[in-house]
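Given next are the chains, with one letter for each unit.
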Amino acid sequence: MKKLFSILIAVACCLCLPAGAFAAEMAELSPKLADVDAYLEQNFPSTHMPGMSIVIVDADSVLYNKAFGDCESVETPFIIGSTSKSFTAAAIMQLSEQGKVDLDVPVSRYLQTDLDSKVTIRHLLNHTSGFGQYQVRKDLTVNESYGEHSYSNLNYTLLGEVIEVVTGLSYGDYMSANVFAPLSMTNTYTSLNEAEGMAAGHRNLFGFPIKKEFPYPVSGDLNSRVSVPTGYIISSASDVGRYLQALLRGGEGILSPQSVNTLLYDSVPIPGANEHYAMGWQETSDYEERLLYHSGLVENYFSIMALLPDSGLGIVTLYNMNDYFVANSLSTTLTIDVLNILMGVEPAGVGSSDYVVYHLLINLLFCLALLLAIVPLLRLRRWESKLAGRRPLRLFAESIALHLLYPLLLLSIPLLLHTPYAAAWAYAADVIIVAVSGAVLALICGAAKLAIWVGKRGK
């Protein structure tokens, strides 16, 4: 009996030591979590996002979870944007562990394409393949950026195809069976038709959130620049938190520690930034601690997930609106502030009037752009009276500038920003509305002036 008692005491001591260490860690973290909650309650409304879901985890526990705005709970699914890339990369690493995919062989070994044989699986994972940012699936041309990081969704579209060819399963079926199910990610989908209870997505138009549907990517569309593996996985903050916990535990349930290390740290420098890109993860040393993260953006949703590996913490924030110029930036500040609180750094805060002020300024620019097209229409009679004057060359030069060069400038705005019209319409529709409307009005006015001039010349 005495011996048994001694054994029980020894076991109790062994159990109490980690429990005591955990208690000390939680005692240190609890005030920070309280600060996080107070910060979010105060600052989330200033982002003007309709809803948000946030989860903070360590390797073993959910430390904080909360839904804001019109988001019902942390189990509510959102489209998570390019944070999907980490899941696709994890699946590739699984197949690499099984010897089914070699990261350093040409992609053409797996896919029947005319892709340059110098492009390997690793190039796709690191975005060093030489594809352009808006390149579509039917165009596999490699440009001069080959070997350097140049972000392109096409890389992860091809990785999704590799998964399908190697396994004989659809991308969705493979992910469900080998990534989502092992991690009990029960609110995660790769099909819009299968998803239940999703947070309603919004687009921002002129400062107003508008609920609007958008086309979900179709598998095999060669004219598309996006796909489910690149950015259209549907998941909840709670489910993404489970994925982050798996990574913090060294891949438990889905990957080996070696594969997790490769996924997170086998990186290349990002030109012009103090950051590196690994495989669906970016690393930056611009903060108090080393930070690994990836953001995601689709037409109606915005997301950020991050890891603080030195603290052993993970965080995901999901938002149900895309406001490219204002709210996305404010929401990024919100997420970074939460990370800073966890790192013991004073948060910057989201300005309570920033959203309104920035949108007013943007709308003012929109109004000026339209006024330059509308005012000449309102002054047509005055312009007609000037035709009898002695300055026809000046009037002709003004007309060329206002009714030919100006509409061309408006219509060229997306091209000057190296953005296809389809992408600009999807992510900043108000810019396209103003540009096209202004150009059409200016051209109509120019055509009216030309008709007046021709009529007077004929008399």
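Residues numbered from 1 in each chain as written. Predicted model: local features only at pLDDT ≥ 70, side-chain atom pairs only at ≥ 80, totals over all residues. Heavy atoms only, no water.

Student: Before we move on, can you summarise empty space enclosed by the protein with the specific residues and values?
Tutor: A complete count under the given rule lists one cavity of 30 Å³ or more for this structure. For the largest cavity, the calculated volume is near 30 Å³. Contributing to the lining of the largest cavity are Asn204, Asn322, Asp323, Tyr324, Phe325, Tyr427, Ala428 and Asp430. Tallied by class, residues from the lining of the largest cavity come to four nonpolar, two polar and two charged. (1 Å grid on protein atoms, 1.4 Å probe; cavity = no way out; pocket = protein on both sides within 12 Å on 5 of 7 lines; lining within 4 Å. Points joined across faces, edges and corners; volume = space filled by probe spheres on them. Nonpolar A, V, L, I, M, F, W, Y, C, P; charged D, E, K, R; others polar.)

Student: Let's hear about the pairing of strand β1 (residues 51-57): which residues, and what values?
Tutor: Most of β1 sits out of view: seven of its seven residues are buried. Along β1, one buried face is formed by Gly51, Ser53, Val55 and Val57 and the opposite face, lined by Met52, Ile54 and Ile56, is buried too. Here β1 pairs with strand β2 (residues 62-69) via seven bridges, running antiparallel. Residue pairing across strands places Met52 opposite Phe68, the latter belonging to β2. Sheet topology places β1 next to strand β12 (residues 313-319); six bridges connect them, and they run antiparallel. Within the sheet, the bridge partner assigned to Val57 lies in β12 and is Gly314. (Buried < 20%, exposed > 50% of the residue type's maximum accessible area, 1.4 Å probe, protein only. Helix = DSSP H or I, 4+ residues; strand = E, 2+ residues; numbered from the N terminus. Pairing = 2+ DSSP bridges.)

Student: Could you give an account of the side chain of Ser152, naming the residues involved and the relevant values?
Tutor: Its place among the elements puts Ser152 in the loop between α3 (121-126) and α4 (153-167). Residue Ser152 is classed as buried on the basis of its relative accessible area of 0%. Apart from the residues lying within four places of it in its own chain, the contact partners of Ser152 are His127, Phe131, Gly132 and Gln133. (Contact = heavy atoms within 4.5 Å.)

Student: Tell me what's going on with the environment of Ser184, and back it up with residues and numbers.
Tutor: Along the chain, the position of Ser184 falls in the loop between α5 (171-180) and β4 (202-205). For the pair Ser184 and Ser46, spaced 138 residues apart in the sequence, the C-alpha separation amounts to 34 Å. Ignoring anything within four residues of it in the chain, the contact list for Ser184 reads Asp239 and Arg242.

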